[in-house]
Amino acid sequence: MQKQNQRTLTRTKARTGSSLKTILSIVFVVAGSISIGLWIGFVRSVRDKAKPIVDKLTAAQKLRGVEVKAIHRKQAEAGVNPSAPLARSEEHDTVDSSKQLLILATEIGDITITLRPDLSPESVQYILNLFSVGCANCKLYRAEKPGILQGIIANRQKVPVSKVKGLCPPGYEHVKNNCPEWDKSCACHGPEMTRGMVAWAAGDTGPDFFIDNYKRKADWWGTQHTVWGEIQDAASFAVIDKIWALPTHSAGDLIMLNKEITFDLILSSAIEHDSGYTNAHL
């Protein structure tokens, strides 16, 4: 009887041990499944968050590749070996490589503008914001030979125009302005304009702008315009000279281009522009 009880007790312990092992195995499997599920969820979360960044980088990389091919194609058309070292001009050697350049890429040629945040930081920030989202309305439409080339640079739905006018540079505080009656905020908002300076039109803050191409200082405008850029290279002035030769018509007191000239925006640094390679293209 006692031996029988011991055998029964042994069997019970064996069954209990086996049950515990089974339960522990199930627990380990469930815990492992939960861990794997959490890990998969974590990986998916990281992937989903990283995807927009990766997409932007991929798009930028593709865009840069397209742009480099376009530059090489232009060089080949001009008979220049794309792999050959580019000659540096004395004019470019004097350019401050820390400055940003805004290039208006037209079908006629490129107009390169050195941005001037020292004169209007808000205007330059507007340009950079516009570049980041895309310019929906970039064109030249007015050509008052020999002095005024006017256009617009805007994306009204995505980038609001700055309401802040330019700074009055030291030394210009006492320049007299012949202010129009309608401009209640007319005052010193920039330097007296010289050839190549780029400013917002009508004493406003954009999005219409104009390029001063007068060979003498435009002192009749005083200091009422917000200047945000400046053209400094002969190639850009040569493009403007080509635009003067295009057909125009009168619209009241204004001389307008018969065919508006659209342009793409390219943002570059002076050193990248000097090497023939642009930083970003839109």
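These notes cover the structure that comes with them. Remember, predicted model here, so these are calculated numbers, not experimental data.

About the criteria used
- Throughout this document, residue positions are counted from 1 along each chain, in the order its sequence is written.
- Owing to the predicted nature of the model, reporting of local features is limited to residues with pLDDT of at least 70; listing and counting of side-chain atom pairs is limited to 80 or more, with chain, interface and lining totals taken over all residues.
- With hydrogens and water excluded, all non-hydrogen atoms of the structure serve as input to the side-chain values.
- Whether two aromatic rings pair depends on their centres lying within 6.5 Å, for rings of Phe, Tyr and Trp, where Trp uses its six-membered ring; planes under 30 degrees apart make the pair stacked, over 60 edge-to-face, and the rest tilted.
- Each helix corresponds to a stretch of at least 4 residues labelled H or I by DSSP, and each strand to a stretch of at least 2 residues labelled E; elements are numbered beginning at the N terminus.
- We call a residue buried when its accessible area falls under 20% of the maximum for its residue type, exposed when it is over 50%, and partly exposed in between, using a 1.4 Å probe and counting protein chains only.
- Only Lys NZ and Arg CZ are tested; either one counts as a charge over a ring when it is within 6 Å of the ring centre and within 35 degrees of the ring normal.
- Pairs of residues are marked as contacts when any of their non-hydrogen atoms sit within 4.5 Å.
- Here, two cysteine sulfur atoms that lie within 2.5 Å of each other are counted as a disulfide.

Things to note about the packing of aromatic side chains
Then, in step 1: On inspection of all chains with the given rule, the structure shows eight aromatic pairs.
Then, in step 2: Centre to centre, the rings of F209 and W228 are 6.0 Å apart; their planes meet at 70 degrees, and the pair counts as edge-to-face. Of this pair, F209 sits in strand β6 (residues 208-212) while W228 sits in strand β7 (residues 227-230); the two residues are 19 residues apart in sequence, bridging distant segments of the chain. We note that F209, like W228, is buried.
Then, in step 3: The ring of F237 is capped by R195, whose NZ or CZ atom sits 3.9 Å from the centre of that ring.

Observations regarding the environment of A218
Then, in step 1: Here A218 shows up in the loop between β6 and β7.
Then, in step 2: Under the relative-accessibility criterion, A218 is labelled buried at 0%.
Then, in step 3: Residues A218 and T194 lie 24 residues apart in sequence; the distance between their C-alpha atoms is 6.1 Å.
Then, in step 4: In this structure, A218 is in contact with M193 and D212, ignoring residues within four places of it in sequence.

Some words on the state of the cysteines
Then, in step 1: Scanning the entire structure with this criterion turns up three disulfides.
Then, in step 2: Put simply, C135 and C138 are joined by a disulfide, and their sulfur atoms are 1.8 Å apart. Taking the torsion about the S-S bond as the criterion, the C135 to C138 disulfide, at about 110 degrees, is right-handed.
Then, in step 3: Shown here is the disulfide that connects C179 with C186, its sulfur atoms set 2.1 Å apart. Classification of the bridge connecting C179 and C186 rests on its S-S torsion, roughly -70 degrees, and on that basis the disulfide is left-handed.
Then, in step 4: Numbered by order of appearance in the sequence, the disulfide-linked cysteines of the protein chain pair as 1-2, 3-6, 4-5.

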